[in-house]
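Observations on the model geometry
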Amino acid sequence: MRIEVRGVDRIGGQCWGIECASVLKGVAMPAWRQGVSWIDHERGVMWRTDETECVSDQAVKLGGTLTTAPDLSESWWQTFSSSMTELAAHTTTRTATPHLQPISQDRFSDTIHQVFPDVDAQITEWRVAHADLAWGNLTAPNCYFLDWEDWGMAPRGFDASTLWSASLAVPELADRVYRECQAELDSPTGKLVQLYHCAEIMAAPAGYAGPLLEPAEARAAELVKELQG
């Protein structure tokens, strides 16, 4: 059972992500069973309870930056790769809302331009994305994608870049994520999305990015040359 609460200002046309995600076929996720919601007018919030399939596997990394390579089997990577492919093949009217904010062209451009003001940040390709693909939302030894509140349309390669950038402190892991998602990440939009995540890391308060900062700076320098070349 999952219990969630939202302010009424966040109740709109996108409905509740976990229930809506039940239409996504071919993606390794806990099956949705049923849900119920109720409003609390005095507090100005709406509550929601969802019943899903119970997944006993633990998250790969709960909180913090991953600094050691997790023990992930080849079957894990096969499930991950096929799920990513199937997810991107869907379509939806939902907009991805990472960090509770809808991802838009303006948000994307502003994030890049605060670090790289001369880069053309126009997005031309959009795909369905989980939109919060951290190691805390992936399980092992069996691969399940958890927490579907934020899914929706996002720039192509957004999920792949999110996980890749979160893996930069473990080069062999970042390389493996990249290989599994290379077609998405090597696309023009995929390169911009990588730069977006590098810019997020580089613009973070001093000390916050930790071991992610140096590899993000190095990759960002390469990306700027590729995108402007």
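What this report covers is the structure whose coordinates are included nearby. (Residues numbered from 1 in each chain as written. Predicted model: local features only at pLDDT ≥ 70, side-chain atom pairs only at ≥ 80, totals over all residues. Heavy atoms only, no water.)

1. Quick word on the overall build of the protein chain
Looking only at helices and strands, the protein chain has eight helices and seven strands in total. Over its C-alpha atoms the protein chain spans a radius of gyration of 18 Å, differing by no more than 12% from the 17 Å that the globule rule assigns to 229 residues. Projected onto the principal axes, the alpha-carbon positions of the protein chain cover approximately 50 × 40 × 35 Å. Every one of the 229 residues in the protein chain was classed for burial, and the buried ones make up 46%. In the protein chain, the share of contacts with a sequence separation of at least 24, taken over all contacts with a separation of at least 6, comes to 73%. Carbon and sulfur atoms form 50% of the exposed surface of the protein chain, whose accessible area is close to 11,500 Å². The centroid of the 17 positive side-chain charges in the protein chain is displaced by 3 Å from the centroid of its 32 negative side-chain charges. (Helix = DSSP H or I, 4+ residues; strand = E, 2+ residues; numbered from the N terminus. Rg over C-alpha atoms; globule rule 2.2 N^0.38 Å. Buried < 20%, exposed > 50% of the residue type's maximum accessible area, 1.4 Å probe, protein only. Contact = heavy atoms within 4.5 Å. Areas by Shrake-Rupley, 256 points an atom, 1.4 Å probe, with all protein chains shown as cover. Lys, Arg positive; Asp, Glu negative; His and termini not counted. Charge placed at Lys NZ, Arg CZ, Asp CG, Glu CD.)

2. Regarding the sheet that holds strand 3 (residues 45-52)
Backbone-to-backbone hydrogen bonds join strands into a sheet, with any given pair of strands oriented parallel or antiparallel. The sheet built from three strands is open, its strands ordered 1-3-2 with antiparallel pairing. Looking at strand neighbours, the two that pair on one side only are strand 1 (2-7) and strand 2 (32-40), the edges of this open sheet. Here the strands of the sheet are splayed against their neighbours by 20 degrees on average, with no regard to which way each runs. (Pairing = 2+ DSSP bridges. Axes fitted to C-alpha atoms, helices over the stretch in contact; angles between N-to-C directions.)

3. What to know about unusual backbone geometry
With an omega of 10 degrees, the peptide bond running from Ala 140 to Pro 141 counts as cis. Structurally, Pro 141 is set in the loop between strand 6 (139-140) and strand 7 (152-155). Even without glycine at this site, Ala 131 takes up a positive phi of about 80 degrees. Along the chain, the position of Ala 131 falls in the loop between strand 5 (126-129) and strand 6. Despite not being glycine, Asp 147 has its phi angle at roughly 60 degrees, a positive value. Within the secondary structure layout, Asp 147 lies in the loop between strand 6 and strand 7. Of the residues examined, Asp 147 reaches a relative accessible area of 30% and is grouped as partly exposed.

4. Overview of the nonpolar core
Buried together is how nonpolar side chains tend to be arranged in soluble globular proteins. Ranked by size, the top nonpolar core spans 58 residues in total, and within it Trp 76, Phe 80, Ile 112, Trp 135, Leu 138 and Trp 148 carry the most contacts. Among the elements that take part in this core, helix 7 (residues 188-202) stands out by supplying seven residues, more than any other. Excluding residues that lie within four positions of it along the chain, Trp 135 makes contacts with Ala 59, Val 60, Lys 61, Leu 66, Leu 72, Trp 76, Trp 77, Leu 163, Ala 166, Ser 167, Leu 173 and Val 177. (Core = buried A, V, L, I, M, F, W, Y, C linked by side-chain atoms within 4.5 Å.)

5. Description of the pattern of salt bridges
Scanning all chains against the criterion turns up 14 salt bridges. Residue Asp 40 pairs with Arg 43 through a salt bridge whose shortest N-O separation is 3.6 Å. According to the relative accessible area criterion, Asp 40 is buried, its value standing at 17%. For the salt bridge of Arg 156 with Glu 125, the shortest nitrogen-to-oxygen distance reads 2.9 Å. Residue Arg 156 is located in the loop between strand 7 and helix 4 (158-166), and its partner Glu 125 is located in the loop between helix 3 (105-113) and strand 5; the two are separated by 31 residues in the primary sequence. One salt-bridge network, held together by shared partners, links Glu 125, Arg 127, Arg 156 and Glu 184. (Salt bridge = Lys/Arg side-chain N within 4 Å of Asp/Glu carboxyl O.)

6. Observations regarding the packing of aromatic side chains
Counted according to the given criterion, the structure contains nine aromatic pairs. Both rings, one in Trp 76 and one in Trp 77, keep their centres 4.9 Å apart while their planes meet at 80 degrees; by these two values the pair is edge-to-face. Both residues of the pair, Trp 76 and Trp 77, count as buried. Among the aromatic side chains, those forming a connected cluster through ring pairs are Trp 76, Trp 77, Phe 80, Trp 135, Phe 145 and Trp 148. (Phe/Tyr/Trp six-rings, centres within 6.5 Å; stacked < 30°, edge-to-face > 60°.)

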